[in-house]
Amino acid sequence: MSDKGQKLRAIPGMDIVLEYEWVQSWLERLGRMRVKRIINNELTQIRRSILDGDSEFSPDTFKASCLDALASASRPSLRRVINATGVVIHTNLGRSLIAPEAVSAMSETASCYSNLEYDLKAGSRGQRNSHVEDMLCSLTGAEASLVVNNNAGAVMLALSALSKGSEVVVSRGELVEIGGSFRIPDIMELSGATLHEVGTTNRTHLFDYERAINESTTMLMKIHPSNFRIEGFTSSPERKELARLAHEKNLIFMEDAGSGLLVDTEIIGLPANTGEISIRACLESGADIVTFSGDKILGGPQIGGIVGKKKFVDRLKKYPLARALRCDKVTLAGFEATLRLYSQGRFDDIPTLRMIRADNDGMRLQAESLASTLRERVKAEIRVVETDDATGGGSCPEIKLKGWGVSLRHESYGAGYVQKLLRGLDVPILCGARDDEIVIHVRTLQSGDAESIAESLEGVFHA
Ligand SMILES: *Cc1c(COP(=O)(O)O)cnc(C)c1O
């Protein structure tokens, strides 16, 4: 212990550290409180590792790790990365990119006063939802609509306002978990509705729903299995049959559609058999309420869309929880501008749709051009390769897309190590890997990314 005690005594106190020459410029840049907190953190770690093992205090290591921590504290924490994974709607990388026109609308609304809740014609109080309601209705064929913070909020609001204290019938094959924190049974419980599960994981029949209905049932609910597929011996009733059953029994038929497809699958070039269906088609099949995300396949900012019959949407609008889940003005501006692009049929101006629809030959040419730039600047084995891309996993239908990319194999660095180096860059690059090579997928690269990738790889591979 005395040995450890001696080692502990070698650690300088905070007051002394704060006087060090190399700390001074950081005091100005980050403020004294922040610097103290960071240094304290480092000191605590050193103390712990001395107590736990046989390490000792090294002034040089201490200085290096403090400088590292101080530098990273001075960078914005939330920052830009390059998505070279080929996954268009990447939940961990911020889902959809917002169209430039929507970004300008957001920027203007952020920095200027607006008629957010002001009716300019009447000269009196207005509704924030009014800016998007009509367009959302005409794009989906709905009678009424409402937008809230996100789809989890939309589902929660709808269940709570329409089915609190009563039973909601859901197929066991649709009790999904999305992104680890959205689980239908949990949301159901929180909303005050009681989940009545029917059928089995792979098969649920109309008669299962029929038998489950009792005097306390108010809703049949369908949930889109966004991030998984059960294959083989499966079956579930058609939407139309469910809607007919619900309406015969005077129940509400609600669907959580997940991704928010506003156009037919052919328009965005998805194969017809993906199981994806548009919001309009859900409503046409008889759904009374449909909810969806704004930042998945819709390609807009984070919102939760709710469309459907006016009498139900009106109940949601009046329900107090709606106030807690309301959208912020910047988001509303971005969503309105995104819907306008849909109204004008300008699908290629919506980055998510453009990347999903990307032309295969175009991607091959892009990959070839990146490969030849890299061959001039980087010492590695470089090939143009076909890639497996995806619309998005975890939060969106996992639809496989064929794409193109560039693979790099370094003679001594393994792929995992190169990926780690690329994550440590000022503008981190996230890419795929297979065997011992990294793969840059071109589908998700934005303008200028190829050039920064070439520059960064040159630095990394020569270092
Ligand atoms: C993504 C998803 C949600 C959650 O939506 P958020 O907008 O992330 O809140 C809910 N249900 C389904 C079916 C989904 O795919």
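Each chain has its residues counted from 1, following the order in which its sequence is written. Residues qualify for local features only when their pLDDT is at least 70, as the model is predicted, and side-chain atom pairs are given and counted only at 80 or more; totals for whole chains, interfaces and linings, by contrast, use all residues. As a rule here, side-chain values come from all non-hydrogen atoms in the structure, and water together with hydrogens is ignored.

Quick word on the pairing of strand 10 (residues 252–258)
So, point 1. A simple rule labels every residue: compare its accessible area, found with a 1.4 Å probe on the protein chains alone, to the largest value its type can have, and call it buried under 20%, exposed over 50%, or partly exposed in between. Every helix listed is a DSSP run of H or I at least four residues long, and every strand listed is a run of E at least two residues long, numbered separately from the N terminus. Among the 7 residues that make up strand 10, 7 are buried, leaving the element largely enclosed by the rest of the structure.
So, point 2. Across the two faces of strand 10 the burial is the same, with I252, M254, D256 and G258 and F253, E255 and A257 all buried.
So, point 3. Criterion used throughout: strands pair if DSSP finds at least two bridges between them. As judged from the 5 bridges shared by strand 9 (residues 217–223) and strand 10, these two strands associate in the parallel manner. When the sheet's bridge partners are listed, I223 is paired in strand 10 with D256.
So, point 4. Strand direction decides the pairing type here: strand 10 and strand 11 (residues 289–293), joined by 4 bridges, are parallel. Paired with M254 across the two strands is I289, which belongs to strand 11.

Some details on the sheet that holds strand 11
So, point 1. Pairing within the open sheet is mixed, and its 7 strands lie in the order 4-12-11-10-9-5-8. Looking at which strands have only one partner, the edges of the open sheet turn out to be strand 4 (144–148) and strand 8 (194–198). The mean inter-strand angle of the sheet, taken between neighbouring strand axes irrespective of direction, is 25°.
So, point 2. Pairing analysis gives 5 bridges linking strand 5 (residues 167–171) to strand 8, with the strands arranged parallel. Looking at strand 8, one finds that S171 is bridged to V198.
So, point 3. Contact between two residues is taken to exist if any of their heavy atoms lie within 4.5 Å; hydrogens are not considered. A fitted line through C-alpha atoms represents every axis, and for helices the fit uses only the stretch in contact; the resulting angles, taken between N-to-C directions, go from 0 to 180 degrees. Strands strand 4, strand 11 and strand 12 (304–308) of the sheet are contacted by helix 7 (residues 130–140), whose axis makes an angle of about 120° with strand 4.
So, point 4. Contacting strand 9 and strand 10, helix 11 (residues 239–248) runs over the sheet at an angle of about 145° to strand 10.

A word on the pairing of strand 9
So, point 1. With 6 of 7 residues buried, strand 9 lies mostly within the body of the structure.
So, point 2. Relative to strand 9, strand 5 is paired through 3 bridges, and the arrangement is parallel. Bridge pairing links E167 to T217 in strand 9.

Looking at the environment of L18
So, point 1. Counting through the fold element by element, L18 comes out in helix 2 (residues 14–19).
So, point 2. Along the primary structure L18 and V35 are separated by 17 residues, whereas in three dimensions their C-alpha atoms are 8.6 Å apart.
So, point 3. Those residues in contact with L18 that lie beyond four places of it in its chain are V23, Q24, L27, R32, V35, K36 and I39.

A few points about the side chain of E437
So, point 1. Within the element layout of this structure, E437 appears in strand 16 (residues 437–441).
So, point 2. Within the structure, E437 has its side chain in polar contact with the side chain of R383 (distance 2.9 Å).
So, point 3. Beyond its immediate stretch of four places on either side in the chain, E437 contacts R383, S407, L408, R409 and A415. Two N or O atoms count as a polar contact when they lie within 3.5 Å, although within protein this holds only if one can serve as hydrogen donor and the other as acceptor, and sequence-adjacent residues are included solely when both atoms are side-chain atoms.

Comments concerning the pattern of salt bridges
So, point 1. The term salt bridge refers to a pairing of a side-chain nitrogen on Lys or Arg with a carboxyl oxygen on Asp or Glu at a separation within 4 Å. Tallied over the full model, the rule gives 27 salt bridges.
So, point 2. The closest approach of N and O atoms between R340 and E336, which form a salt bridge, is 2.5 Å. Residue R340 and its partner E336 are both found in helix 15 (residues 329–343); the two are separated by 4 residues, about one turn of the helix.
So, point 3. On the basis of relative accessible area, R340 is assigned to the partly exposed category, the value being 39%.
So, point 4. Residues E458 and R377 are paired through a salt bridge, measuring 2.9 Å at the closest nitrogen-oxygen approach. Of this pair, E458 sits in helix 19 (residues 449–462) while R377 sits in helix 17 (residues 360–377), placing them 81 residues apart in sequence.
So, point 5. Connected through salt bridges with shared partners, the residues E381, R383, R409, R434, D436 and E437 form a single ionic network.

A closer look at empty space enclosed by the protein
So, point 1. Space inside and on the surface of the protein is sampled on a 1 Å grid over the protein atoms alone, with a cavity defined as a set of points where a 1.4 Å probe fits but cannot get out and a pocket as an open set with protein on both sides within 12 Å along at least 5 of 7 lines; lining residues have an atom within 4 Å of a point. Grid points are joined across faces, edges and corners, and a volume is the space filled by probe spheres set on the points. One pass over the full model with this rule turns up 1 cavity of 30 Å³ or more.
So, point 2. Around the largest cavity sit H224, R239, E255, A257, E276, I277 and C282, which together line it.
So, point 3. Classification convention: Asp, Glu, Lys, Arg as charged; Ala, Val, Leu, Ile, Met, Phe, Trp, Tyr, Cys, Pro as nonpolar; all other residues, Gly among them, as polar. Looking at the lining of the largest cavity residue by residue, the class counts come to 3 nonpolar, 1 polar and 3 charged.

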